[in-house]
Amino acid sequence: MSKPAETEQSKESSKILVLDDEHSIRWVLERTLSQAGYIPHLATDVPEARQHLGKHSIRLALVDINLPGQDGLSFAREILEEYPSLMIIVMTGQSTMYNTVEAMKAGVFDYVTKPFDIDEIEELVKRALRVPLNTREITRIKSRKKEDDLLTGQSKVMHDLYKAIGRVSATDLTVLIQGESGTGKELIARSIHQHSLRASQPFVAINCAAIPSELMESELFGHEKGAFTGATDRKRGKLELASQGTLFLDEIGDMPMRLQSKLLRVLQEKQFERLGGHELITTNMRVIAATHHDLENLINNSQFRTDLYYRLNVFPVNIASLRERREDIPVLVEHFLQKGSKEMAVGCKAVEPEAMSVLARYNWPGNIRELENTVKSLMITNVTGTIMLDSLPKNLFKRQPLPDSEESLEEVASRKLEALVKDAVQFDRGSLMAEVLPQVERPLLNLLLEQTRWNQQRAARILGINRNTLRKKIETLGLKNQRGLEK
Ligand SMILES: Nc1ncnc2c1ncn2[C@@H]1O[C@H](COP(=O)(O)OP(=O)(O)OP(=O)(O)O)[C@@H](O)[C@H]1O
Ligand SMILES: [Mg+2]
């Protein structure tokens, strides 16, 4: 471990490569990085970037994906082979699931979407340079060929999910996916498998909620001929079929307790026997489990084993409900319209804006599955080519009466904003943003600063913004430390 003073010094003089064909991006990054005390080296294309890497000892590279000649992603892969301790942050104007997953898999430090917040980049650069040189270990695995992405969505939640999929696909870690029904848990499991080293091996799914418990044991473990009445032949179970691939234990929360112990033993020992057999079968499977139950609740009610929970929850993935990431709704509707027109041989449809805003406001208790089914049935019943407001099912118009405590901030805000927006539109006012934002920022910062006793460094960290930005906001919002709480 180096001494703190040295680390600080080397951080400040760190050489950073900026590879982007866009002049304005190079310009803004050069200015920001040099002001922050780093030494930027600018390149417009891959050959120029290589020259810098050859000449200077570069610690970090900011690499654009869309470049003339060679794309930034394959360049990132190549240079990580040559310079394994180089930190890379990938930047892109068009973020896709494929690019995000592939970049993370290649071992880049992070992935940001343009236009980016310059404070965010500064923070990221700082964090990347804080990673000690020798503790970095990259499991590099071959990139998957580009197929259609399984998951759709451009919200922050989805971007973080793509990154998580990329990170975990490069490993053999056990994954536990938790989320409400219809949020895409199975698609996430399939994506991890498809991007992993096991992609050419089987993905074997078993749904613990759909199979009667007395059949589940033989489904999982298989059985020998004559093991029980009706066992006329030897049968290989899912554990055996998944041996070199991925076993997806869907709805794991519904697995009977007795089987939970048996499964735990297999996970620990990586060996099992078929029912009615004595031959020890060794398995090398990777396990992904999913559930819509709150497993900690089940544990408290003695319906789920704690030890199994810890065995499974090695890499947790929690997927938010659709109403917590409403900005994905229009993108998903578009996706299902296209998918529907391919699958159902009906012409391509469009959704009129008024109808789209109803879809975007609805609560979707059944999440993406409910949205998909709604879009499909609208496509079938629609004859005009455009899905209009009056063709939407009536239940979509009902504002779900939510108790106060369950109403999300977004819902409260959209209720409160309705009149304000109407008014601004009517009078064509040009200051709506400046009127609204302080009303959100002021209470947020006031509360946070009070709870952090005006420790601005801590508050900035919790907000995920940089300290200067916070200081400016405090000034412009006119916030005062009333009780002399400042440290
Ligand atoms: N991000 C997404 N992009 C596109 N389609 C999605 C996405 N997430 C889910 N879907 C679609 O929504 C449906 C439900 O997804 P999936 O079966 O993976 O959800 P689940 O969480 O496993 O649901 P359940 O708990 O009901 O089993 C599927 O038809 C799937 O194709
Ligand atoms: Mg499912």
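1. Concerning the overall build of the protein chain
Here is step 1 of the chain: The helix and strand tally for the protein chain stands at 20 helices and 16 strands.
Here is step 2 of the chain: For the protein chain, the C-alpha atoms occupy an extent of roughly 80 × 60 × 55 Å along the three principal directions.
Here is step 3 of the chain: Every one of the 487 residues in the protein chain was classed for burial, and the buried ones make up 44%.
Here is step 4 of the chain: A total accessible area of about 26100 Å² is found for the protein chain, and carbon and sulfur atoms account for 52% of it.
Here is step 5 of the chain: Where the 66 positive side-chain charges of the protein chain centre and where its 67 negative ones centre are 3 Å apart.

2. Brief notes about the site of ligand 1
Here is step 1 of the chain: Contacts to ligand 1 come from 19 residues, most closely from T152, G182, K185, R369 and E372.
Here is step 2 of the chain: A distance of 3.2 Å separates an oxygen atom of ligand 1 from a polar atom in the backbone of T183.
Here is step 3 of the chain: Note that an oxygen atom of ligand 1 is positioned 2.8 Å from one of the side-chain N or O atoms of K185.
Here is step 4 of the chain: Protein chains bury 88% of the 630 Å² of accessible surface belonging to ligand 1 in isolation.
Here is step 5 of the chain: Because more than half of its atoms lie within 2 Å of the grid, ligand 1 is assigned to the second largest pocket.
Here is step 6 of the chain: Broken down by secondary-structure element, the contributors of at least two residues to the shell around ligand 1 are α8 (185-195), α14 (329-343) and α16 (367-381).

3. Details of the sheet that holds strand β13 (residues 286-291)
Here is step 1 of the chain: Sheet architecture is open: 5 strands sit in the order β7-β10-β13-β6-β14, paired in parallel fashion. Strands with a single pairing partner mark the edges of an open sheet, and in this sheet they are β7 (203-207) and β14 (315-318). Adjacent strand axes in the sheet meet at a mean angle of 15° when their direction is disregarded.
Here is step 2 of the chain: Alignment of β7 against strand β10 (residues 246-250), held across 5 bridges, turns out to be parallel. When the sheet's bridge partners are listed, I206 is paired in β10 with L249.

4. Section: the pairing of strand β1 (residues 15-19)
Here is step 1 of the chain: Burial within β1 is extensive, with 4 of its 5 residues counted as buried.
Here is step 2 of the chain: In this structure, β1 lies alongside strand β2 (residues 39-43), joined through 5 bridges in parallel fashion. Within the sheet, the bridge partner assigned to L17 lies in β2 and is H41.
Here is step 3 of the chain: Chirality of the crossover, the property in question, places the unit of β1, helix α2 (residues 23-35) and β2 among those that are right-handed.
Here is step 4 of the chain: Where β1 lies against strand β3 (residues 60-64), 4 bridges are found, and the strand directions are parallel. In the sheet register, V18 faces β3, and the bridge partner there is L62.

5. A short note on the domain arrangement of the protein chain
Reports often express the size of an interface as the amount of accessible area lost when the parts come together.
Here is step 1 of the chain: Parsing the protein chain into structural domains produces domain 1 (13-135), domain 2 (172-318), domain 3 (324-397) and domain 4 (431-487).
Here is step 2 of the chain: Summarising the inter-unit geometry, the C-alpha centres of domain 1 and domain 2 are found 40 Å apart.

6. Quick look at the layout of surface pockets
Here is step 1 of the chain: Counted as a void, the largest pocket has a volume near 1100 Å³.
Here is step 2 of the chain: Taken together, 30 residues form the lining of the largest pocket, with D119, E120, E123, G464 and I465 sitting closest to its centre.
Here is step 3 of the chain: Listed by contribution, the elements that provide at least two residues to the lining of the largest pocket are β5 (110-113), α6 (118-130), α7 (156-169), α19 (456-463) and α20 (467-477).
Here is step 4 of the chain: Among the elements that line the lining of the largest pocket, the one with the most residues is α6, at 8 residues.
Here is step 5 of the chain: Residue classes in the lining of the largest pocket are distributed as 8 nonpolar, 7 polar and 15 charged.
Here is step 6 of the chain: Quantified by volume, the second largest pocket comes out at close to 890 Å³.

7. Focus on the pattern of salt bridges
Once their charged atoms are close, side chains differing in charge can pair, the charge on each being opposite to the other.
Here is step 1 of the chain: Counted under the stated rule, the structure contains 25 salt bridges.
Here is step 2 of the chain: With a closest N to O distance of 2.9 Å, D20 and K114 form a salt bridge. Note that D20 is positioned in the loop between β1 and α2 and K114 in the loop between β5 and α6, a separation of 94 residues in sequence.
Here is step 3 of the chain: For D20, a relative accessible area of 0% corresponds to the buried category.
Here is step 4 of the chain: Residues R50 and E82 are paired through a salt bridge, measuring 3.1 Å at the closest nitrogen-oxygen approach. With R50 in helix α3 (residues 46-55) and E82 in helix α4 (residues 72-82), this pair connects stretches of sequence that are 32 residues apart.
Here is step 5 of the chain: Three or more residues are tied together by salt bridges with common partners; here these are E224, R234, E240, R274 and E279.

8. Details of the environment of L378
Here is step 1 of the chain: Along the chain, the position of L378 falls in helix α16.
Here is step 2 of the chain: Exposure remark for L378: the relative accessible area of 6% places this residue in the buried category.
Here is step 3 of the chain: Separated by 92 residues in the primary sequence, L378 and L470 have C-alpha atoms spaced 47 Å apart.
Here is step 4 of the chain: In contact with L378, not counting residues within four places along its chain, are I387, S391, L392 and P393.

9. Notes on the side chain of D110
Here is step 1 of the chain: Within the fold, D110 resides in strand β5.
Here is step 2 of the chain: D110 sits in the buried class, given a relative accessible area of 8%.
Here is step 3 of the chain: Polar contacts involving the side chain of D110 include one to the side chain of K163, which spans 2.8 Å.
Here is step 4 of the chain: Each residue touching D110, except ones within four places of it in the same chain, is listed here: I88, I89, V90, M104, L124, R127 and K163.

10. Observations concerning the pairing of β14
Here is step 1 of the chain: Burial along β14 is one-sided: the residues F315 and V317 are buried and none of P316 and N318 is.
Here is step 2 of the chain: Examined bridge by bridge, strand β6 (residues 175-178) and β14 share 4 bridges and lie parallel to one another. Bridging across to β14, L176 finds its partner in P316.

11. What to know about unusual backbone geometry
Here is step 1 of the chain: For the peptide bond that leads from K114 to P115, omega is 0°, which places it in the cis range.
Here is step 2 of the chain: Relative to the helices and strands, P115 is located in the loop between β5 and α6.
Here is step 3 of the chain: Not every positive phi belongs to a glycine, and S302 is a case in point at roughly 55°.
Here is step 4 of the chain: Note that S302 resides in the loop between α12 (295-300) and α13 (306-312).
Here is step 5 of the chain: Even without being glycine, W364 reaches a positive phi, approximately 45°.

Criteria and thresholds
- Residues numbered from 1 in each chain as written.
- Chains lettered and ligands numbered in written order.
- Predicted model: local features only at pLDDT ≥ 70, side-chain atom pairs only at ≥ 80, totals over all residues.
- Heavy atoms only, no water.
- Helix = DSSP H or I, 4+ residues; strand = E, 2+ residues; numbered from the N terminus.
- Buried < 20%, exposed > 50% of the residue type's maximum accessible area, 1.4 Å probe, protein only.
- Areas by Shrake-Rupley, 256 points an atom, 1.4 Å probe, with all protein chains shown as cover.
- Lys, Arg positive; Asp, Glu negative; His and termini not counted.
- Charge placed at Lys NZ, Arg CZ, Asp CG, Glu CD.
- Near = heavy atom within 4 Å.
- Polar contact = N/O pair within 3.5 Å; in protein donor to acceptor, adjacent residues only side chain to side chain.
- 1 Å grid on protein atoms, 1.4 Å probe; cavity = no way out; pocket = protein on both sides within 12 Å on 5 of 7 lines; lining within 4 Å.
- Sits in = over half its atoms within 2 Å of the grid points.
- Pairing = 2+ DSSP bridges.
- Axes fitted to C-alpha atoms, helices over the stretch in contact; angles between N-to-C directions.
- Right-handed = clockwise from strand over helix to strand, strands pointing away.
- Domains from an automatic or database assignment.
- Points joined across faces, edges and corners; volume = space filled by probe spheres on them.
- Nonpolar A, V, L, I, M, F, W, Y, C, P; charged D, E, K, R; others polar.
- Salt bridge = Lys/Arg side-chain N within 4 Å of Asp/Glu carboxyl O.
- Contact = heavy atoms within 4.5 Å.

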